[in-house]
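What follows is each chain in one-letter form.
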Amino acid sequence: MPRPPLLLSRRALLRGAAAAGLAAMLPRRARALPAASLLAVGQIQHRGNWNPRPSAIRRLGWELARRTSIEPAPDAVPVRLDRPGLHRHPMLYLAGAGPFPPFSEAERAALRRHLQYGGFLLVDAADGSDGGGFDAAARRELAAVLPAAPLQPVPREHVLNKTFYLLDRQGGRVLVKPWVEAQALDGRLAVVYSQNDLGGAWARSELGEWEYPCTPGGEAQRETAFRVGVNVAMYALCTDYKDDAVHLPFILRRRS
Amino acid sequence: MAFPVEPGGPTRAAAAGAFLAEHRAELARLQDRADVEWYAFGGDVAPADPAAAAKGLPPTGGRTDLLGALEAAAAGGGATRKVAGALILSDGADNAALQGGLDGAARAKLRALGFPVNTVAVGRGAPRDLAVERVAADDFAFVRNTVTVEVTLRARGFGDQDVPLVLRREGSVVAETTVKLERGKDRYTVPLRFAPDQTGTFVFTVAAPVFPGEAIVENNQRSFVLRVIRDRVRVLLVAGRPSWDVRFLRGLLKQDPNVDLVSFFILRSNTDQPGPQEELSLIPFPVAEIFGDQLKTFDAVLFVNFAYGPYRGLEIDRFLPNLRDYVLDGGALAMVGGEQSFGDGRYGETPLAEVLPVAPLDGTAEAEAEVRPRLTAEGRRHPVTALAPGDGPNAAVWAALPPITAVNLTRALAPGAGASVLLEAPGVEVEGRPAPVVAVREVGHGRTLAVATDATWRWGFVAAESGQGSRAYLRFWNGALRWLVRDPSLAPLQVEPDAPAVEPGAPVGLTVSTRGADWGPAAGKKVSAELRSDDGRPVARGEAVAGADGTARLELVPPGPGAYKIVAHAEGEAEPATAAVAVRGAGPEDADVAPRPELMSAIAEATGGGSSALPGGELPDLALHEAEVVEIGRRKAVPIWDRWWTLAALAGTLAAEWVLRRRWGYW
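Residues numbered from 1 in each chain as written. Chains lettered and ligands numbered in written order. Predicted model: local features only at pLDDT ≥ 70, side-chain atom pairs only at ≥ 80, totals over all residues.

Draft legend 1. Summary view of the overall build of chain A. Looking only at helices and strands, chain A features 7 helices and 7 strands. Tracing chain A from N to C terminus, the helices and strands come up as α-β-α-β-β-α-β-α-β-β-β-α-α-α. Per-residue burial over chain A gives 48% buried out of 256 residues. Contacts in chain A between residues far apart in sequence, at least 24 positions, make up 78% of those at least 6 positions apart. (Helix = DSSP H or I, 4+ residues; strand = E, 2+ residues; numbered from the N terminus. Buried ≥ 20, exposed ≤ 12 C-beta atoms within 10 Å, placed from the backbone. Contact = placed C-beta atoms within 7 Å.)

Draft legend 2. Representation of the overall build of chain B. Scanning chain B for helices and strands turns up 12 helices and 34 strands. Within chain B, buried positions represent 47% of all 667 residues. Nonlocal contacts in chain B, meaning residues at least 24 apart in sequence, comprise 72% of its contacts between residues at least 6 apart.

Draft legend 3. Fine view of the interface of chain B and chain A. Opposite the 38 residues of chain B that make contact, chain A presents 38 residues. Taken together, the elements giving at least two residues each to the side of chain B that touches chain A come down to helix 6 (244-255), strand 14 (259-265), strand 20 (404-407) and helix 10 (461-465) of chain B. A per-element tally of the side of chain B that touches chain A places helix 6 of chain B first, with 5 residues. Along the lines of polarity and charge, the residues of the side of chain B that touches chain A split into 16 nonpolar, 10 polar and 12 charged. (Nonpolar A, V, L, I, M, F, W, Y, C, P; charged D, E, K, R; others polar.)

Draft legend 4. Representation of the pairing of strand 11 (residues 200-207) of chain B. Residue and element names in this part refer to chain B. Of all 8 residues in strand 11, 6 are buried, a share of seventy percent or more. Bridge count between strand 8 (residues 161-169) and strand 11: 4 bridges; the pairing is antiparallel. When the sheet's bridge partners are listed, arginine 169 is paired in strand 11 with phenylalanine 204. Relative to strand 12 (residues 221-229), strand 11 runs antiparallel, the two sharing 8 bridges. Paired with valine 206 across the bridge in strand 12 is arginine 222. (Pairing = 2+ DSSP bridges.)

Draft legend 5. Region of interest: the sheet that holds strand 2 (residues 77-79) of chain A. Residues and elements named next belong to chain A. Overall, mixed pairing links the 7 strands, which are arranged 2-1-3-4-7-6-5 in an open sheet. With partners counted over all chains shown, the strands left at the sheet margins are strand 2 and strand 5 (152-153), one partner each. Note that strand 1 (residues 42-44) and strand 3 (residues 91-96) share 2 bridges and pair parallel. Paired with glycine 42 across the two strands is leucine 92, which belongs to strand 3. Against the sheet, helix 4 (residues 133-145) touches strand 3, strand 4 (120-125), strand 6 (181-185) and strand 7 (188-194), its axis set at about 160 degrees to strand 4. (Axes fitted to C-alpha atoms, helices over the stretch in contact; angles between N-to-C directions.)

Draft legend 6. A look at the confidence of the model for chain B. All names here are of chain B. When pLDDT is averaged along chain B, the result is 82, and 87% of the positions lie at 70 or above. Confidence over residues 586-590 falls short of pLDDT 50; this stretch has 12 contacts with residues more than four positions distant or in other chains. This stretch, residues 629-644, has a pLDDT under 50; its non-local contacts, to residues over four places away or in other chains, come to 15 contacts. Interface scoring of the predicted complex returns ipTM 0.87; its pTM is 0.67. (pLDDT = per-residue confidence, 0-100.)

Draft legend 7. A look at the confidence of the model for chain A. Looking at chain A, the pLDDT average stands at 87 and 83% of residues meet or exceed 70. Predicted confidence for residues 1-30 of chain A stays below pLDDT 50, and this span has 14 contacts to residues more than four positions away or in other chains.

Draft legend 8. A look at the nonpolar core. Counting 158 residues, the largest nonpolar core has Val191 of chain A together with Ala300, Leu302, Ala334 and Val407 of chain B as its most contacted members. If you tally residues by element for this core, the top one is helix 6 (residues 218-238) of chain A, at 11 residues. Residue contacts for valine 191 of chain A: discarding those within four places in its chain leaves Leu115, Leu121, Val123, Leu142, Leu146, Ala182 and Gln183 of chain A. The next biggest cluster of nonpolar side chains, apart from the first, holds 50 residues, and it includes Ala155, Leu192, Phe202 and Val512 of chain B. (Core = buried A, V, L, I, M, F, W, Y, C linked by C-beta atoms within 7 Å.)

Draft legend 9. Structural view of helix 4 (residues 66-75) of chain B. All buried positions along helix 4 of chain B are accounted for by Leu66, Ala69, Leu70 and Ala73 of chain B. An end-on view of helix 4 of chain B places all buried positions within 100 degrees of arc, on one side of the element. (Arc of directions from axis to C-beta.)

Draft legend 10. Local environment of the sheet that holds strand 9 (residues 172-181) of chain B. Residues and elements named next belong to chain B. Pairing within the open sheet is mixed, and its 5 strands lie in the order 6-12-11-8-9. Every other strand in the sheet has two partners, leaving strand 6 (140-142) and strand 9 as the edge strands with one partner each. The mean inter-strand angle of the sheet, taken between neighbouring strand axes irrespective of direction, is 30 degrees.

Draft legend 11. Structural detail: helix 2 (residues 56-67) of chain A. Helix length check: helix 2 of chain A (12 residues) gives 16 Å between terminal C-alpha atoms against 16 Å at 1.5 Å per residue, within 8%. Regarding helix 2 of chain A, the residues found buried are Ala56, Ile57, Arg58, Arg59, Leu60, Gly61, Glu63, Leu64, Ala65 and Arg67 of chain A. (Expected span 1.5 Å × (residues − 1).)

Draft legend 12. Quick peek at the pairing of strand 4 (residues 117-122) of chain B. All names here are of chain B. Summarising burial for strand 4: 6 of the 6 residues are buried, a large majority. The pairing of strand 3 (residues 82-90) with strand 4 spans 5 bridges and is parallel. Along strand 4, the bridge assignment pairs alanine 86 with valine 117. In the sheet, strand 4 pairs with strand 33 (residues 611-614) via 4 bridges, with the strands oriented parallel. Bridge assignment links valine 122 to a residue of strand 33, and that residue is leucine 614.

Draft legend 13. Summary view of the environment of valine 581 of chain B. Residues and elements named next belong to chain B. The residue valine 581 is located in strand 32 (residues 577-583) in this model. Residue classification places valine 581 among the buried positions, given that 27 C-beta atoms sit within 10 Å. As for valine 581 and leucine 510, which are separated by 71 residues in sequence, their C-alpha atoms are 10.0 Å apart. The contacts of valine 581, once residues within four sequence positions are left out, are Val225, Pro497, Pro500, Ala501, Val502, Val508, Tyr564 and Ile566.

Draft legend 14. Representation of the packing of helix 2 of chain A against helix 6 of chain A. Residues and elements named next belong to chain A. Where helix 2 meets helix 6, the closest approach of the two axes is 10 Å, and the angle between their N-to-C directions is 75 degrees. Between helix 2 and helix 6, the interaxial angle falls into the category roughly perpendicular. When helix 2 is examined against helix 6, the residues Leu60, Glu63, Leu64 and Arg67 are found in contact with a partner set consisting of Phe226, Gly229, Val230 and Ala233. Partitioning the contact of helix 2 with helix 6 into residue classes produces 5 nonpolar, 1 polar and 2 charged. (Parallel < 35°, antiparallel > 145°, perpendicular 65-115°, else oblique.)

Draft legend 15. Up close: the environment of glutamate 366 of chain B. Mapping glutamate 366 of chain B onto the fold places it in the loop between strand 17 (358-360) and strand 18 (367-371). On the basis of neighbour count, glutamate 366 of chain B is assigned to the buried category, with 26 C-beta atoms found within 10 Å. Separated by 88 residues in the primary sequence, glutamate 366 of chain B and aspartate 454 of chain B have C-alpha atoms spaced 9.7 Å apart. Leaving out residues up to four positions away in the same chain, glutamate 366 of chain B has contacts with Pro34 of chain A together with Glu339, Asp344, Ala406, Val407 and Asn408 of chain B.

Draft legend 16. Examining unusual backbone geometry more closely. Here the residue pair threonine 215 of chain A and proline 216 of chain A is connected by a cis peptide bond, since its omega of 0 degrees sits within 30 degrees of zero. Structurally, the position occupied by proline 216 of chain A is in the loop between helix 5 (198-202) and helix 6. Despite not being glycine, aspartate 186 of chain A has its phi angle at roughly 50 degrees, a positive value. In this fold, aspartate 186 of chain A is placed in the loop between strand 6 and strand 7. Its 10 C-beta neighbours within 10 Å are what place aspartate 186 of chain A among the exposed residues. Despite not being glycine, glutamate 431 of chain B has its phi angle at roughly 50 degrees, a positive value. Within the fold, glutamate 431 of chain B resides in the loop between strand 22 (419-430) and strand 23 (433-443). A tally of 9 C-beta atoms within 10 Å means that glutamate 431 of chain B is categorised as exposed.

Draft legend 17. Local environment of the packing of helix 5 (residues 104-112) of chain B against helix 12 (residues 597-607) of chain B. All names here are of chain B. It is the contact of helix 5 with helix 12, at a shortest axis distance of 9 Å, that shows an interaxial angle of 55 degrees. Comparing their axes, helix 12 and helix 5 come out oblique. The chirality of how helix 5 crosses helix 12 is right-handed. Residue-level inspection shows Arg107, Leu110 and Arg111 of helix 5 in contact with helix 12, the latter providing Ile603, Ala606 and Thr607. Looking at the contact of helix 5 with helix 12 residue by residue, the class counts come to 3 nonpolar, 1 polar and 2 charged. (Left-handed = near helix turned anticlockwise from the far one by under 90°.)

Okay, structure coming up:
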């Protein structure tokens, strides 16, 4: 992930401090886990503005560690669809601001295979576009990758909305759509697409400031964005686990 | 005819013989009026000698077919013979066309005979007898699911009393009930319910006690063969946290239609701060239910990166002895690696260490290393690590798999513990030897599996990137699960009868197949098989040597009708293979022994014949057709009774020899 060289040392220093704080707050692990055992999100490098919110996945990971038993890697790992190693990251993240050039057929085939063998892709429109910009490019690629599985709004009752938090709304930096859309393969959501710039709500500077305000809902909308992120990560790792019959009576009681 | 004419009286055959002897002279005089032909009948009709019949015909027929006998007797002797009438001597215990009584069709057939049928009914009043008349059960049942066996009990000559009815599986009682007998009612249908707890093919027996003075003792019980199969393998999956390893494993199990999966993932621990509980979809982990009462309902328990320690308040360690006992009693446990498993989860000092296939090294951490695991000598021939048939192809599949990324440090158990390391990690050493990656163990009556890494998912998903697909991963876990739950198709010794049921007198053909320690056909191995009766007694035995394909053929002759357990042994094989076979009873299903004088008189009435009944009755006034006057050119009188006319006298062998009617071999 390219960074301005000027900030590198200071960022590294601050990151070190933040990590220490995390460790102090969560003294539950005596030693580091093997890197391959952590949830490392692969962030797809496309030929457009592929990383508009560089701190977003890092911050989501921080929240996953704080709130759940998921063990996230410190940051996203940039991946190229046409390079080997894509399958080391069953969870992929495709973000962008503005349109991006079409994937090659080989890239599309690689992404298709990844998803068909059980992979998961979160798509996030940082530009809050609807019908143009990133939205148009993303829809073009998703339709080409999984032509038999069109994007469809995820209904409120879907297990995605109860994998960890009981969700009844959407969050993000903006609220372009009050729902997320998804492409299903074999009864499982393989692709989840938010047009609400989840990454913009998650992004936090290393000085501890939120990088963008959330509109129109403010901090509640940001909290919801994190909850959506937690549920999406849980869904990637647990799929429909929360639909198992044993959970039902408990969940119904809380929803009523 | 072997039954008494009335309770406590002489047998019906003897009574019929005495009657014929008494009326022989009268019957002989009929010779003046017509030819008298003598037949004996049961299921078949055969000419009989009247002198012998008067001494009493042996009651040996397996069936009583009144209408068939009449039709056969009428048809005998060619078209020129005309039948003036028939006299039939029988107990009327028809178990063919007239079993249900004289209906319209039967009446029409009797009339179509075209001659009067005179009847002498032998026997009145049913003998005192209790019989398990019918057992309705399916051919197979699902283990742990309630099976209903519907039993029809017939009681004759009993007053108001209670009769206990038991259902036994090879000697042990699995269900019982009490039937309240009422005067005047002779058939009772009662359900017997039970839930089989073992898979396999078993002989079940429904039995009622034998009361003094019963006509037939043998029909107080009836056996049948029931194949108890697994409906679905019930698996408990417990994961310490969400991970790719458990994500892909759960996906595989969830997709398998033969697996009934109950999973629990720890989604947050005590230190996590997700916010208000009511906004979460989380449920408390029902530790006491799952590891207490419910545990034995699972065929296999999988711990995936699950530590018992960190959950204060849940006190999971209290249940570890229970889990160990579950394994020793025949359960299956797999421990899959991760930073909360094996020594990392401090299982080394717990009761689970007594059953695990490796010794966890407490206080160690996973070794983080890219390792290509290597098959051990045992691993090359074990079904868990058989990803492709044949040594070479299997090794090639393993060599092509993506490396694993972490190994929990454990130590192989000493020889004699029943454990084998199948896959090891070269380069990751524990006490100078490669650390085990996959190990299995037979312990007590159960089985355990250790997978000391959290990276088996890479054999599927990562392998798929290079075009290998995820077959190796699916094969590995399917094989592991089948081995854990003792899938019968993986047993090294198998026995199967050629058919589930054989005819009486026919041998039971068996195929015994054996596999050696390398899971290949065990050519030249000595095998034996025996048939065991309901009480566990061997009744037939045979030996053979397995051929090149590892199978041997045996033929055993069962002593008589019934259901038999088949038990096969092979040299060097501790576990016998079992199956079951039924030998059908010779007689008809219904062994109703009651005489039916009313049927006999109805037959007579329908055809215009006379009737009487024994004991006490006389020869009825025989109705016979009058001879017709035949004119040949000119008026000429011909004798009234011409020699062309025939009286068919039929003495029934009647109610069959009871031995042949025993109520055995219900299938």
